[in-house]
Each structure stands twice: as structure tokens, then as C-alpha cells.
Amino acid sequence: MKLELEQEDIDSLTLRITQEVIKGLLPTLLSQDQAGDTIYTVEALAKYLQTTPKWVYNHIHELPHFKKEGLIRFRKSDIDKLFEEKNLR
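Residues numbered from 1 in each chain as written. Predicted model: local features only at pLDDT ≥ 70, side-chain atom pairs only at ≥ 80, totals over all residues. Heavy atoms only, no water.

Visitor: Even after reading the chapter, I still don't get a nonpolar patch on the surface, so can you show me in this structure?
Guide: Judged by side-chain polarity, Leu3, Leu5, Ile10, Leu13, Ile17 and Val21 come together as a nonpolar surface patch covering roughly 560 Å² of accessible area. As for its placement among the helices and strands, isoleucine 10 is situated in helix α1 (residues 7–29). (Patch = residues over 30% accessible without salt bridge, like charges linked within 9 Å, V, L, I, M, F, W, Y side chains within 5 Å. Areas by Shrake-Rupley, 256 points an atom, 1.4 Å probe, with all protein chains shown as cover. Salt bridge = Lys/Arg side-chain N within 4 Å of Asp/Glu carboxyl O. Helix = DSSP H or I, 4+ residues; strand = E, 2+ residues; numbered from the N terminus.)

Take a look at the structure:
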């Protein structure tokens, strides 16, 4: 059996699949701790700081972080405080 789809149907399916994937990934990329503070992954922090994940890894010893399930995480409030103290933002 061969199924043919119109381009409009393909585009619609692609959009729906993309939306579902993003919806599924967002909790991993961006979450909140019990106090309501935003928690970043390395990739999400790099995006927030408008830099690259490589920069984050290279400066990990300077950045307040913790591990959750063996993965590095950052609290937005800690990062904001650090950059305010150093007048970097």
C-alpha cells in the first residue's frame, strides 16, 4: 500500500511533530526548583547568557552549579547574582 500526501499535509504533520518534541523537551531544558527558581541545563544557560555550551564548560569552576541525576544544573537566581556582583550584565 502506498500513501501519498499533499505538501500542505506534510507541512502540517511536521509542525505538529515539532511542537510535540519541543513540548516534551522543555521540562528537561528549563525547569523550576521547589522555590520556583528557574533551573538551567548547560545548553539552556548558554542560550540565556548568549554564549556557547563550550564557554559554559570552560568557566564551570566560576559558575555556581549543582548536579541533579548526575547532570550539571544552574539556578537562574545564582547566575544573576554572580553577574550582578561582577557587574557583567
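Visitor: Could you clarify how one ought to interpret the pattern of salt bridges in this entry?
Guide: Close approach of charged atoms allows side chains with opposite charge to pair. One pass over the structure, following the stated rule, counts one salt bridge. With a shortest N-O distance of 2.7 Å, lysine 76 and aspartate 80 are connected by a salt bridge. In this pair, lysine 76 and aspartate 80 are both assigned in helix α4 (residues 76–85), four residues apart and thus about one turn of the helix distant. Using a relative accessible area of 25% as the deciding quantity, one classes lysine 76 as partly exposed. You can call aspartate 80 buried: its relative accessible area is 16%. (Buried < 20%, exposed > 50% of the residue type's maximum accessible area, 1.4 Å probe, protein only.)

Visitor: Quick question: what am I supposed to make of the nonpolar core here?
Guide: Looking at soluble globular proteins, one finds that nonpolar side chains tend to be buried together. The biggest cluster of nonpolar side chains holds 13 residues, and the ones touching the most others in it are Leu45, Val56, Leu63, Phe74, Ile79 and Phe83. Taken together, the elements giving at least two residues each to this core come down to α2 (42–48), β4 (71–75) and α4. Element by element, the count of residues in this core is highest for α2, at four residues. Isoleucine 79 has contacts with Leu45, Tyr48, Leu49, Leu63, Pro64 and Phe74, leaving out every residue within four places of it along the chain. (Core = buried A, V, L, I, M, F, W, Y, C linked by side-chain atoms within 4.5 Å. Contact = heavy atoms within 4.5 Å.)

Visitor: Explanation requested: the confidence of the model for the protein chain in the structure shown.
Guide: Atomic detail in the predicted coordinates should be set aside for any region of low pLDDT. Summing up the model confidence of the protein chain, the mean pLDDT is 85 and the portion of residues at 70 or higher is 82%. By mean pLDDT, the top-scoring element of the protein chain is helix α3 (residues 53–58) (97), and the lowest-scoring one is strand β1 (residues 30–32) (61). (pLDDT = per-residue confidence, 0-100.)

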